[in-house]
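Breakdown of the fold
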Amino acid sequence: QVQFVTSGGGVVQPGGSLRLSCAASGRTYTTYAMGWSRQVPGKERVLIAAMKWTGGTTYYSDSVKGRFTISGETNNNTVFLQMDNLKPEDTALYYCGSSDLDLYTYYSWGQGTQVTVSS
C-alpha cells in the first residue's frame, strides 16, 4: 500500500500560480505512474495530469493542458503539479495518487488539498 502526503493548496487570484507537492511512501517500488485528480462537490473526481514514473509520457486533461505541468523526483518519490494562469473553475479539492498499471487507472488517492481561485 502507498501513502501520500499532499501540500501546497491555498487561495489565489485568477491568473495566479500554485505548486502542489505530494510525497509517496510505502510500496512505491511497483509504481508505473503518478497522477493528480480533482473533485468539486457533487461531481466525480477527474484525472487531470499523470506521468509515467520512469519518464517520457505525460497526460493532461483538456481543461488544464498548457497551464498545468506535472513533474516528479523519483529519488524521493515526490510528484509536483505546477499550476499557472489559474481560473475560478480550477477551484477544487486536489488529490495525488499512484498506479501500478498505466497512466489512467488509480485505486487509491491521498488526502486532498484545497485550491480556491477567487478575486
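Up top is the structure.
An account of the accompanying structure is given in this report. (Residues numbered from 1 in each chain as written. Predicted model: local features only at pLDDT ≥ 70, side-chain atom pairs only at ≥ 80, totals over all residues. Heavy atoms only, no water.)

1. Some points on the nonpolar core
Put simply, the rule is: We call a set of buried residues a nonpolar core when its members are Ala, Val, Leu, Ile, Met, Phe, Trp, Tyr or Cys and they connect through side-chain atoms within 4.5 Å of each other. Throughout, exposure labels follow a simple rule: accessible area from a 1.4 Å probe, protein chains only, divided by the maximum for the residue type, with under 20% read as buried, over 50% as exposed, and the rest as partly exposed. Secondary structure elements follow DSSP: runs of H or I no shorter than four residues count as helices, runs of E no shorter than two count as strands, and numbering proceeds from the N terminus. What makes two residues a contact is simply this: any of their non-hydrogen atoms within 4.5 Å.
Core analysis: the largest hydrophobic core is formed by 26 residues, its most contacted members being Trp36, Val79, Leu81, Met83 and Tyr94. For this core, the secondary structure elements donating two or more residues are strand 1 (2-7), strand 3 (18-26), strand 4 (33-39), strand 5 (46-52), strand 7 (68-73), strand 8 (78-83), strand 9 (92-99) and strand 10 (113-117). When residues of this core are assigned to their parent elements, the largest contribution, four residues, is made by strand 3. Once residues lying within four places of it in the same chain are set aside, the contact partners of Leu81 are Leu18, Arg19, Leu20, Trp36, Ile48, Ala49, Phe68, Thr69, Ile70 and Tyr94. With five residues, the next largest nonpolar core counts Ala33, Leu47, Ala50 and Tyr106 among its residues.

2. So, the sheet that holds strand 1
This is how the line gets drawn: If DSSP finds at least two bridges between two strands, the strands pair. An axis is simply a line fitted to the C-alpha atoms; with a helix, the fit covers only the stretch in contact. Between two such axes, the angle follows the N-to-C directions and lies from 0 to 180 degrees.
Here four strands make up an open sheet; going across it, the order is 1-3-8-7 and the pairing antiparallel. Of all strands in the sheet, those bounded by a partner on one side alone are strand 1 and strand 7. Taken over all neighbouring pairs, the strand axes of this sheet differ in orientation by 20° on average, direction set aside. Sheet topology places strand 3 next to strand 8; six bridges connect them, and they run antiparallel. Across the sheet, the residue bridging to Cys22 is Val79, located in strand 8.

3. What about the pattern of salt bridges?
Here is the rule: By definition here, a salt bridge exists when the distance from a side-chain nitrogen of Lys or Arg to a carboxyl oxygen of Asp or Glu is within 4 Å.
For the structure shown, the criterion picks out four salt bridges. For Arg67, the salt bridge identified is with Asp90, shortest N-O distance 2.7 Å. Within this pair, whereas Arg67 is found in the loop between strand 6 (58-60) and strand 7, its partner Asp90 is found in the loop between strand 8 and strand 9, the two being separated by 23 residues in sequence. Each member of the pair Arg67 and Asp90 is classed as buried. Counted as one network, the salt bridges with shared partners bring together Arg38, Arg67 and Asp90.

4. Remarks on the state of the cysteines
Put simply, the test is: Disulfides are defined in this document as cysteine sulfur pairs within 2.5 Å.
Counted according to the given criterion, the structure contains one disulfide. The disulfide bridge from Cys22 ends at Cys96, spanning 1.8 Å between sulfur atoms. Disulfide Cys22-Cys96: torsion about the S-S bond near 40°, hence right-handed. In this pair, Cys22 sits in strand 3 while Cys96 sits in strand 9, placing the two residues 74 residues apart along the sequence. No difference in accessibility class separates Cys22 from Cys96, as the two residues are buried.

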